Amino acid sequence: MEKQKETNLIYYHRVLSMITTTRQEFYCQQFLETIKLDYTMAGHPSIARWVINSIKVDDSEADTHFLFVSEGELTLKCDSGEFLLRENCFAAVPGNFSLDGSGQVLVATLLNYTGLFNVGGPIEPFGRLKYIDGCSSTVLINPLRRGEPCLNFLYVPPGISQTPHTHPSLRIGLVAAGSGTCEVDEGTFQMQPGTVFILPENKLHSFHAIDNYLKIIIYHPDSDVGPTDDSHTMLNNTFVGKKSAQVLDAIRTR
């Protein structure tokens with residue numbers, strides 16, 4: 001155990017020494033200070049920030065930020081107005097913004113993407129959708145169109161060990177509650193409230209909650225679900241007689 005802790009600490013220090021560079025490494029660290037991590041070389045160029053108490057981002061007009069408050073409460077100011085964000089609440093914020101207060105916030109930014117302003121929360125005790133190995137999930141911020149980013153909540157019940165798996169795009173995450181571990185090639189990393197992590201594309205990993213549960217917030221820069229011009233609720237559920245507008249090319253907007 002002590003040897004594993006030493007290995008993890010060495011890896012933390014190695015990654016922290018590289019935080020100003022553009023890279024694709026695995027990252028896992030307890031939330032200790034405000035840090036900006038550059039993943040602009042990923043397939044979906046992104047930036048991760050772990051914010052303590054305050055930040056002002058004024059060079060991000062063309063980007064959209066996905067926020068989750070893991071502790072405390074802060075005031076969000078942006079083009080859409082001024083909003084109080086409390087613990088376990090989340091938001092999607094296009095363009096520049098500032099945070100001020102007493103708390104800790106995960107900020108995952110997708111570059112060159114204009115989303116829709118959204119504030120929600122707090123998260124629920126469990127996920128609404130069945131996932132894998134007894135886990136469940138909830139889509140906190142849905143993709144506006146198929147293929148666009150989303151923010152998810154993952155619940156890992158006590159006694160669960162996930163099957164090792166990969167994702168085709170990077171993941172930026174934060175442990176909101178509970179405790180457990182994350183297993184990757186580099187070793188076994190402790191997951192506790194305030195632990196933040198980045199999984200590069202196709203990184204083999206698994207979460208384990210043997211003696212406790214895990215509640216994890218995860219930013220996905222892309223999605224394989226969501227509405228399209230050819231299939232969305234308003235179109236599909238508009239009927240002329242008994243035919244959906246989805247199959248009536250004569251009246252479909254082109």
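Residues numbered from 1 in each chain as written. Predicted model: local features only at pLDDT ≥ 70, side-chain atom pairs only at ≥ 80, totals over all residues. Heavy atoms only, no water.

1. Points about the overall build of the protein
Then, in step 1: When helices and strands are counted, the protein shows two helices and 20 strands.
Then, in step 2: Here the C-alpha atoms of the protein give a radius of gyration of 19 Å, agreeing with the 18 Å that 2.2 N^0.38 yields for 254 residues.
Then, in step 3: Roughly 12700 Å² of accessible area belongs to the protein as shown, and the carbon and sulfur atoms make up 51% of that amount.
Then, in step 4: Here the protein contributes 20 positive and 28 negative side-chain charges, whose respective centroids are spaced 7 Å apart. (Helix = DSSP H or I, 4+ residues; strand = E, 2+ residues; numbered from the N terminus. Rg over C-alpha atoms; globule rule 2.2 N^0.38 Å. Areas by Shrake-Rupley, 256 points an atom, 1.4 Å probe, with all protein chains shown as cover. Lys, Arg positive; Asp, Glu negative; His and termini not counted. Charge placed at Lys NZ, Arg CZ, Asp CG, Glu CD.)

2. Details of the sheet that holds strand β16 (residues 195-199)
Then, in step 1: Overall, antiparallel pairing links the seven strands, which are arranged β1-β16-β13-β18-β11-β10-β9 in an open sheet. Looking along the sheet, the strands with just one partner apiece sit at the ends: β1 (27-30) and β9 (129-130). (Pairing = 2+ DSSP bridges.)

3. A closer look at the nonpolar core
Then, in step 1: Core analysis: the largest hydrophobic core is formed by 30 residues, its most contacted members being Trp50, Ile172 and Ile198.
Then, in step 2: Split by domain, this core shows at least three residues from each of two domains, domain 1 (31-120) and domain 2 (129-220).
Then, in step 3: Those residues in contact with Ile198, other than ones at most four positions away along the chain, are Glu25, Phe26, Tyr27, Leu37, Tyr39, Ala48, Trp50, Leu170, Arg171 and Ile172.
Then, in step 4: In terms of nonpolar packing, the next biggest core, distinct from the first, is built from 18 residues, Ile160, Val184, Leu199 and Ala209 among them. (Core = buried A, V, L, I, M, F, W, Y, C linked by side-chain atoms within 4.5 Å. Buried < 20%, exposed > 50% of the residue type's maximum accessible area, 1.4 Å probe, protein only. Domains from an automatic or database assignment. Contact = heavy atoms within 4.5 Å.)

4. Considering the UniProt feature "domain: AraC-type arabinose-binding/dimerisation" (unreviewed entry) in the protein
Then, in step 1: Per the UniProt entry, the sites bearing "domain: AraC-type arabinose-binding/dimerisation" (unreviewed entry) are residues 163-218 in this numbering.
Then, in step 2: A helix fraction of 0% and a strand fraction of 57% characterise residues 163-218, whose end C-alpha atoms lie 18 Å from each other. (UniProt positions renumbered as here; feature names shortened; annotations may be inferred.)

5. Some details on the pattern of salt bridges
Then, in step 1: One pass over the full model with this rule turns up six salt bridges.
Then, in step 2: Of the charged contacts in the structure, one is a salt bridge between Arg86 and Glu73, with a shortest N-O distance of 3.5 Å. Of this pair, Arg86 sits in strand β5 (residues 81-86) while Glu73 sits in strand β4 (residues 64-78); the two residues are 13 residues apart in sequence, bridging distant segments of the chain.
Then, in step 3: Take Arg86: its relative accessible area is 48%, and that puts it in the partly exposed class.
Then, in step 4: Put simply, Asp229 and Arg145 hold a salt bridge, and the shortest N to O gap is 3.2 Å. With a gap of 84 residues between them, Asp229 in the loop between β18 (214-220) and α2 (233-236) and Arg145 in the loop between β10 (136-141) and β11 (150-156) connect regions that are remote in the sequence. (Salt bridge = Lys/Arg side-chain N within 4 Å of Asp/Glu carboxyl O.)

6. Notes on the side chain of Ser244
Then, in step 1: Note that Ser244 resides in strand β20 (residues 243-244).
Then, in step 2: Within polar-contact distance, the side chain of Ser244 engages the backbone oxygen of Asn236 at 2.8 Å. (Polar contact = N/O pair within 3.5 Å; in protein donor to acceptor, adjacent residues only side chain to side chain.)

7. Structural notes on unusual backbone geometry
Then, in step 1: Between Gly121 and the following residue, Pro122, the backbone shows a cis peptide bond with an omega angle of 0 degrees.
Then, in step 2: The topology assignment puts Pro122 in the loop between β8 (118-120) and β9.
Then, in step 3: In this structure, Asn202 takes a positive phi of about 60 degrees despite not being glycine.
Then, in step 4: Topologically, Asn202 is positioned in the loop between β16 and β17 (206-209).

8. A closer look at the pairing of strand β15 (residues 187-191)
Then, in step 1: Two strands pair when backbone bridges link them, and strand β14 (residues 180-184) and β15 are joined in this way by five bridges, in the antiparallel orientation. Among the inter-strand pairings, Thr181 is bridged to a residue of β15, identified as Gln190.
Then, in step 2: Joining the antiparallel neighbours β14 and β15 is a turn of two residues.

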